Amino acid sequence: MTARSTPEPVVAFAAADIGYEGAPVVVGLDLEIAAGEVVGLLGPNGSGKSTLVRGLLGLAPLLGGSLRLFGEDHEQFRDRRRIGYVPQRQTVTGGVPSSVREVVLSGRLTRVRPFQPFRAADRAAVARAIEAVGLADRAAAPLATLSGGQQRRALIARALASEPDLLVLDEPTAGVDAANQQALADTLGALAADGTTILLITHELGPAAPVITRTIALRDGRLVYDGPAQGAPDEHDDHWHHAHGDRPGRGPDLGLSGIGS
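Residues numbered from 1 in each chain as written. Predicted model: local features only at pLDDT ≥ 70, side-chain atom pairs only at ≥ 80, totals over all residues. Heavy atoms only, no water.

**Re unusual backbone geometry**
As a rule of thumb, non-glycine residues mostly have phi less than zero, and peptide bonds are mostly trans rather than cis. Located in the positive-phi region is Phe70, a residue other than glycine, with phi close to 55°. Position of Phe70 relative to the elements: it lies in the loop between β4 (62-69) and β5 (72-73). With a relative accessible area of 9%, Phe70 lands in the buried category. Backbone geometry places Glu163, a non-glycine residue, at a positive phi of 55°. Position of Glu163 relative to the elements: it lies in the loop between α4 (148-161) and β7 (166-170). (Helix = DSSP H or I, 4+ residues; strand = E, 2+ residues; numbered from the N terminus. Buried < 20%, exposed > 50% of the residue type's maximum accessible area, 1.4 Å probe, protein only.)

Here is the structure:
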């Protein structure tokens, strides 16, 4: 699943306000993500992380500014299969009879016409996606019998089955034990090596830190950091909540002192 080369950024927000019912939650966002980047998006609860993602996906309105996806204005962009999305905290509960393979196969629906049967190419893409997340030995197992972390990986495989150029994961390690967090990090590393552009929304990078090529952070709906993971603000640091200044910084020399209010 190699990302398509493009002279344009995969994502380009410019002075973007994103919100609901006319009230902005994310304000004045300037953000570009290039093909092949693995970007970690940090921020405490209420910082605007999920609203940013919903704006990118077209699920929250752009109230001002602009958004371009793969070089096209977001209102004209139609090739949504190029974006794979794993929602926050989505797992399966109850007695769902579908197997891992069947659930992942549903990710190919964006690639087939209505009532068209799945082809050999679809089944091969599903097999690759399941292999990529390390669940080949559980492909026939009912999804509901898997652990929470394994279910998260199966849902990532479902997103991968559509062969996206951009994969967006909203807090994929929430409620996942340490072993499965490492398994998810290994999966992301393999995808990054294959050229997939990844936007990972999280409270902290954890085992995924070595995979991240760039970190951005939101606070109170504003971009307050854009640079390497080593200098990113941390929720457990008082600077995250009490830093002064009104201009976001970029680059390794920012540290924590330049975080805006």
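Now that the structure is up, let's keep going.
**Things to note about the side chain of Ser47**
Assignment of secondary structure puts Ser47 in the loop between β3 (38-42) and α1 (49-57). Classification of Ser47 as buried rests on a relative accessible area of 2%. At 2.8 Å, the side chain of Ser47 and the backbone oxygen of Pro44 are in polar contact. Setting aside chain neighbours within four positions, we find Ser47 in contact with Leu218, Arg219, Asp220 and Gly221. (Polar contact = N/O pair within 3.5 Å; in protein donor to acceptor, adjacent residues only side chain to side chain. Contact = heavy atoms within 4.5 Å.)

**Things to note about the environment of Glu21**
Its location among the elements puts Glu21 in the loop between β1 (11-20) and β2 (23-33). For Glu21, a relative accessible area of 85% puts it in the exposed group.

**Re the pattern of salt bridges**
Considering all chains together, one arrives at nine salt bridges under this definition. Residue Arg108 is joined to Asp122 by a salt bridge in which the shortest nitrogen-to-oxygen separation is 2.9 Å. Of the two residues, Arg108 is situated in the loop between α2 (100-105) and α3 (120-132) and Asp122 in helix α3; the sequence distance between them amounts to 14 residues. Note on Arg108: relative accessible area 3%, which makes it buried. (Salt bridge = Lys/Arg side-chain N within 4 Å of Asp/Glu carboxyl O.)

**Considerations on the sheet that holds β1**
The strand order across the open sheet formed by four strands is β2-β1-β4-β5, and the pairing between neighbours is antiparallel. At either margin of the open sheet sits one strand with a lone partner, and together these are β2 and β5. In terms of strand pairing, β1 meets β2 through seven bridges, oriented antiparallel. Along β2, the bridge assignment pairs Tyr20 with Ala23. Packed on one face of the sheet, α1 meets β1, β2 and β4 and runs near 110° to β1. (Pairing = 2+ DSSP bridges. Axes fitted to C-alpha atoms, helices over the stretch in contact; angles between N-to-C directions.)

**Brief notes about the pairing of β1**
Two successive antiparallel strands, β1 and β2, enclose a turn made up of two residues, where Glu21 displays a positive phi of approximately 50°. Two elements, β1 and β4, share six bridges in a ladder whose sense is antiparallel. Of the residues in β4, the one forming a bridge with Ala14 is Ser66.

**Some thoughts on the packing of α3 against α4**
Between α3 and α4, the least distance of the axes is 8 Å, while the angle of their chain directions is 140°. The two elements α3 and α4 cross, and the hand of that crossing is right-handed. Residues Ala125, Val126, Ala129, Ile130 and Ala132 of α3 form the contact with α4, whose participating residues are Ala157, Leu160 and Ala161. Looking at the contact of α3 with α4 residue by residue, the classes come out as eight nonpolar, no polar and no charged. (Left-handed = near helix turned anticlockwise from the far one by under 90°. Nonpolar A, V, L, I, M, F, W, Y, C, P; charged D, E, K, R; others polar.)

**Some details on the packing of aromatic side chains**
Counting across every chain of the model gives one aromatic pair. Its end group placed over the ring of Phe70, Arg82 keeps NZ or CZ at 3.9 Å from the ring centre. (Phe/Tyr/Trp six-rings, centres within 6.5 Å; stacked < 30°, edge-to-face > 60°. Lys NZ or Arg CZ within 6 Å of the ring centre and 35° of its normal.)

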